[in-house]
Amino acid sequence: MPASNTQDNTLVMPALPPDVDLDVVPNVAPPGEGLAQLEAVDVSCWFGERKVLDRVSLTMPAGRITALIGPSGCGKSTFLRALNRMHEMVPSASMAGRVLLDGEDIYDTSVRITRARRDIGMVFQKPNPFPAMSIADNVLAGLKLTGTKATKAEKEDLVEHCLRLGGLWNEVKDRLDAPGGGLSGGQQQRLCIARSMAIKPRVLLMDEPCSALDPTSTRVIEETMKQLAEEVTIVIVTHNMQQAARVSDQCAFFLAAQGTPGAIVEHGDTTAMFTSPQDQRTHDYVNGRFG
Ligand SMILES: Nc1ncnc2c1ncn2[C@@H]1O[C@H](COP(=O)(O)OP(=O)(O)OP(=O)(O)O)[C@@H](O)[C@H]1O
């Protein structure tokens, strides 16, 4: 049976007014506890009566980059959103199965939804910084949402650390008070990555993070991702096969055959998936024969 919905979406960005006082933050949640493995077990998803994912199981190892690939409409983004409980924000949506973060089911009634979304962050296709907010405050915006307390010096250190993680520090260190909306698209996406990292997620989900960017910005983000993987487990949806081959350690190939829900056809080591796939459909897809 599908699990019931909840409308608790308090940790979904952007939801913060630009004039929020970042110095007044209640300490209601401890920081994350480092790299974690994420494991989906028999995850099925529905929109209304329509089942769009069927019993998907996948282990996303700690500190590795997992790419989700497959043709449009096969359920990659739905699966990604089920991994941090964003799927249930759609009113008609439901799901079944388990998502284990280092063995703990994020759908267990004892796990707060805000905690799950803080531990498992998300970067979206289109960069979505708070445009009028300064670059520094953009990075710090998540602290308010997660209720993390920090001194002025701690915040300054955090801003630098996260902007370095996002590969943006050198480009913006002299204009941290400038508005985030004044950056280029690629810089804005790296600012969003820095903002995601400020709340110390254990897993970072990335839904086609480069699809709105030029090739140069794309390569910068790919380099950034490889460095980020030392601090956070990454799961990326991409339509770009070269990108999947360049950045990921393992791949999962999703497919939805005519009129049926999406499922994983094959998954494994990225090099093996691209050079010697076991399934003919994987071979055809990674070689650009469909999709
Ligand atoms: N909010 C929604 N309401 C109803 N159906 C939806 C909704 N979002 C997605 N779907 C349907 O669920 C199926 C899976 O969509 P999803 O976006 O997960 O696929 P995808 O593989 O990520 O596609 P793409 O690569 O084009 O982004 C599709 O048939 C889509 O039409």
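Residues numbered from 1 in each chain as written. Predicted model: local features only at pLDDT ≥ 70, side-chain atom pairs only at ≥ 80, totals over all residues.

Explain the environment of histidine 267 here, please?
Assignment of secondary structure puts histidine 267 in strand E10 (residues 263–269). If we skip the residues at most four places from it in the chain, histidine 267 touches Leu58, Gln250, Cys251, Ala252 and Phe253. (Helix = DSSP H or I, 4+ residues; strand = E, 2+ residues; numbered from the N terminus. Contact = placed C-beta atoms within 7 Å.)

Where do I start with the pairing of strand E7 (residues 203–207) in this structure?
Each regular strand carries side chains that alternate between the two faces of the sheet. Of all the 5 residues making up E7, 5 are buried; the element is thus mostly covered by neighbouring parts of the structure. Where burial is concerned, the two faces of E7 agree: the one with Val203, Leu205 and Asp207 and the one with Leu204 and Met206 are both buried. Two elements, strand E6 (residues 120–123) and E7, share 4 bridges in a ladder whose sense is parallel. Of the residues in E7, the one forming a bridge with methionine 122 is leucine 205. In this structure, E7 lies alongside strand E8 (residues 233–237), joined through 5 bridges in parallel fashion. Directly across from valine 203, in E8, lies its bridge partner threonine 233. After leaving E7, the chain enters helix H7 (residues 215–228) and then returns to the sheet as E8, a path that is right-handed. (Buried ≥ 20, exposed ≤ 12 C-beta atoms within 10 Å, placed from the backbone. Pairing = 2+ DSSP bridges. Right-handed = clockwise from strand over helix to strand, strands pointing away.)

Help me out: how do you make sense of the UniProt feature "domain: ABC transporter" (unreviewed entry) in the chain in this one?
In the numbering adopted here, UniProt assigns the feature "domain: ABC transporter" (unreviewed entry) to residues 38–286. Here residues 38–286 runs as 37% helix and 26% strand, with 25 Å between its end C-alpha atoms. (UniProt positions renumbered as here; feature names shortened; annotations may be inferred.)

Is there a simple way to explain the sheet that holds strand E3 (residues 65–69) in this structure?
As a general point, the strands of a sheet are linked pairwise by backbone hydrogen bonds and lie either parallel or antiparallel. With mixed pairing, 6 strands are arranged side by side in an open sheet as E6-E7-E8-E3-E9-E10. The two strands at the open ends of the sheet, each matched to only one other strand, are E6 and E10. Taking the axes of each pair of neighbouring strands and ignoring which way they run, one obtains an average angle of 20° across the sheet. Pairing between E3 and E8: 4 bridges, direction parallel. Paired with alanine 67 across the bridge in E8 is isoleucine 236. (Axes fitted to C-alpha atoms, helices over the stretch in contact; angles between N-to-C directions.)

Even after reading the chapter, I still don't get helix H4 (residues 152–165), so can you show me in this structure?
One turn of an α-helix holds 3.6 residues; hence residues three or four places apart share an orientation. Over its 14 residues, H4 runs 20 Å from end to end, which matches the ideal 20 Å to within 8%, given 1.5 Å per residue. The set of residues buried in H4 consists of Leu158, Val159, Cys162, Leu163 and Leu165. All buried residues of H4 project into a common sector of 150° when viewed along the axis, lining one side. Counted as exposed and oriented over 90 degrees from the buried face of H4: Ala153 and Asp157. Buried residues belonging to H4 abut helix H3 (135–146), helix H5 (169–172), helix H6 (185–197) and H7. Two residues or fewer past H4, glycine 167 is found with a positive phi of approximately 70°. (Expected span 1.5 Å × (residues − 1). Arc of directions from axis to C-beta.)

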